[in-house]
Amino acid sequence: MAGYLFRRIFQAVLILLGVSFITFVLLYVLPADPVRQIAGRAATAQTVENIREQLGLDQPFLVQYGRYLGGLIQGDMGRSYLQKTEVASLIASRLPATLLLMAGGIACELLIGLTFGVIAAIYRGRLLDQGLMVTSFVAVSAPQFVVGLLLLYVFAVQLGWFPIGGYGTFEHLVLPSVTLGIMGSGWYSRMMRSSMIEVLRQDYIRTARAKGLTRARVLTRHALPNAILPIIAMIGIDIGIFMGGLVVVESVFGWPGIGQLAWQAIQRVDIPIIMGVTMVSATAIVLGNLLADVITPFIDPRIKMR
């Protein structure tokens, strides 16, 4: 156990180091100049050079990256070029909203996706199975902003059941969570269907049926606990995706999370914020996968850590 965790943590550090390097390279070769964004169009060449020197952007790439990495090791993500605020403070102020939306989105996609997947597996090859899989394919393919705007128009504008946007109450959380749930449910339903079909073919399922157990008991007691194992890893990945990939949904619904913060930083070429959000998202993905790998053996003792 301890050896496995040590290896995984060491691998996680290498992955995060690689993510930081690649992201820094991409931002370094970006055609847009953050100094021009800070100085403004009317700034003189001397003013631009002074700002570049103050920010250390006149230094070679390795010097800039080494300085950033040294600060990151100490917990310093840098300072926003335009907002003049510590990046860690900006992310921390937006993190609760993103975590809340992440929890709501994962709950919705699991509820929709697992339900569809189990029903499709039970009625495999029938019209209901085909209809649910087509619905899942459409859900995966539909753009997030289209789904979000459609839900806003129907349930907020026409019916008036929910607010158009904002943050603070359960009503504000429902529509963005359902939008994320619809988008992610397609993957879960297809994965759950395949896993459930494979489990239902196993000998212990036939044995349980031969003992006279009801269908509901066979499904809930024997099939579901085993079929749901592949889903755990997907949830770990979703944690990281939701941490930094909610740009569209947060923009549509006016949700003040780190996705919206990242979008604003991209528009203004605010490199420290972009790097900060990227590293937080990468860390969330790594920790989510590690957590899934650690929890899985406790759910199914047949799976061992190696």
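Details of the structure are given in the entry above.
Residues numbered from 1 in each chain as written. Predicted model: local features only at pLDDT ≥ 70, side-chain atom pairs only at ≥ 80, totals over all residues. Heavy atoms only, no water.

Focus on the overall build of the protein
- When helices and strands are tallied, the protein shows 14 helices and zero strands.
- Secondary structure of the protein in N-to-C order comes out as α-α-α-α-α-α-α-α-α-α-α-α-α-α.
- Residues counted as buried form 42% of the 306 residues belonging to the protein.
- Excluding contacts between residues fewer than 6 apart, the proportion of contacts in the protein whose partners are at least 24 apart in sequence is 74%.
- Only carbon and sulfur atoms are counted for the fraction: they give 66% of the accessible area of the protein, which is about 16,600 Å².
- Of note, the protein has its 24 positive side-chain charges centred 13 Å away from the centre of its 16 negative side-chain charges. (Helix = DSSP H or I, 4+ residues; strand = E, 2+ residues; numbered from the N terminus. Buried < 20%, exposed > 50% of the residue type's maximum accessible area, 1.4 Å probe, protein only. Contact = heavy atoms within 4.5 Å. Areas by Shrake-Rupley, 256 points an atom, 1.4 Å probe, with all protein chains shown as cover. Lys, Arg positive; Asp, Glu negative; His and termini not counted. Charge placed at Lys NZ, Arg CZ, Asp CG, Glu CD.)

Quick look at a nonpolar patch on the surface
- Where nonpolar side chains cluster on the molecular surface, the patch consists of L150, Y153, V154, V157, L159, W161 and I164 and spans about 720 Å² of accessible area.
- Turning to its location among the elements, W161 is positioned in the loop between α7 (144-158) and α8 (170-200). (Patch = residues over 30% accessible without salt bridge, like charges linked within 9 Å, V, L, I, M, F, W, Y side chains within 5 Å. Salt bridge = Lys/Arg side-chain N within 4 Å of Asp/Glu carboxyl O.)

Observations regarding helix α3 (residues 45-55)
- Within the sequence span of α3, burial applies to V48, I51 and R52. Projection of α3 onto a plane perpendicular to its axis shows the buried side chains occupying an angular sector of 100 degrees, all on one side. Exposed positions of α3 whose direction lies more than 90 degrees from the buried face are Q46, E53 and Q54.
- Taken from the residues just after α3, G56 is the one with a positive phi, measuring 80 degrees. (Arc of directions from axis to C-beta.)

Details of the nonpolar core
- L101, M192, M196, A223 and I231 are the most contacted members of the largest nonpolar core, which totals 35 residues.
- Considering every element that reaches this core, the biggest residue donor is α8, with ten residues.
- Once you skip the residues sitting within four places of it in the chain, M196 turns out to touch V118, A121, L219, A223, L224 and A227.
- In this structure, I273, I274, M275 and M279 belong to the second largest nonpolar core, which totals 31 residues. (Core = buried A, V, L, I, M, F, W, Y, C linked by side-chain atoms within 4.5 Å.)

Overview of the side chain of S20
- Topologically, S20 is positioned in helix α1 (residues 2-28).
- Polar side-chain contacts of S20 include one of 2.9 Å to the side chain of Y65.
- The contact partners of S20, leaving out residues within four places of it in the chain, are Y65, L69, M275 and M279. (Polar contact = N/O pair within 3.5 Å; in protein donor to acceptor, adjacent residues only side chain to side chain.)

Examining α1
- Over its 27 residues, α1 runs 39 Å from end to end, which matches the ideal 39 Å to within 8%, given 1.5 Å per residue.
- The complete set of buried residues in α1 reads Y4, R8, A12, L16, S20, T23, F24 and L27. (Expected span 1.5 Å × (residues − 1).)

Some details on the packing of aromatic side chains
- Counted according to the given criterion, the structure contains nine aromatic pairs.
- Between F24 and Y65 the ring centres are 5.5 Å apart and the planes differ by 65 degrees, which places this aromatic pair in the edge-to-face class. Placement of F24 in helix α1 and of Y65 in helix α4 (residues 61-73) is noted, with a sequence separation of 41 residues between them. Taken individually, F24 and Y65 each receive the classification buried, so the pair is uniform in this respect. (Phe/Tyr/Trp six-rings, centres within 6.5 Å; stacked < 30°, edge-to-face > 60°.)

What about the side chain of T179?
- As for its position among the elements, T179 is in helix α8.
- Those residues within four positions of T179 in sequence are excluded, and the remaining contacts are Q144, V147, G148, L151, V249 and F253.

Considerations on the environment of I9
- Residue position: I9 is located in helix α1.
- Residue I9 is classed as partly exposed on the basis of its relative accessible area, which comes to 47%.
- Along the sequence, I9 and L290 sit 281 residues apart, while their C-alpha atoms lie 8.4 Å from each other.

Section: the packing of helix α9 (residues 203-210) against helix α10 (residues 215-227)
- Remark: α9 packs on α10, axes separated minimally by 10 Å, with the N-to-C direction vectors making an angle of 175 degrees. In terms of orientation, α9 and α10 fall into the roughly antiparallel class. Mapping the contact onto sequence places Y204, I205, A208 and R209 in α9 and V218, H222, A223 and N226 in α10.
- By residue class, the composition of the contact of α9 with α10 is five nonpolar, two polar and one charged. (Axes fitted to C-alpha atoms, helices over the stretch in contact; angles between N-to-C directions. Parallel < 35°, antiparallel > 145°, perpendicular 65-115°, else oblique. Nonpolar A, V, L, I, M, F, W, Y, C, P; charged D, E, K, R; others polar.)

Brief notes about the packing of helix α5 (residues 87-122) against helix α13 (residues 258-268)
- Relative to each other, α5 and α13 sit at 135 degrees, their axes nearing to 8 Å. If you check the angle between α5 and α13, you find them oblique. On the side of α5, the interface is formed by L90, I91, R94, L95 and T98, while α13 contributes I258, G259, Q260, L261 and Q264.
- The residue inventory of the contact of α5 with α13, partitioned by class, reads five nonpolar, four polar and one charged.

Here's the deal with unusual backbone geometry
- Positive phi is not limited to glycine here, since V269 has a value of about 55 degrees.
- Here V269 shows up in the loop between α13 and α14 (271-299).

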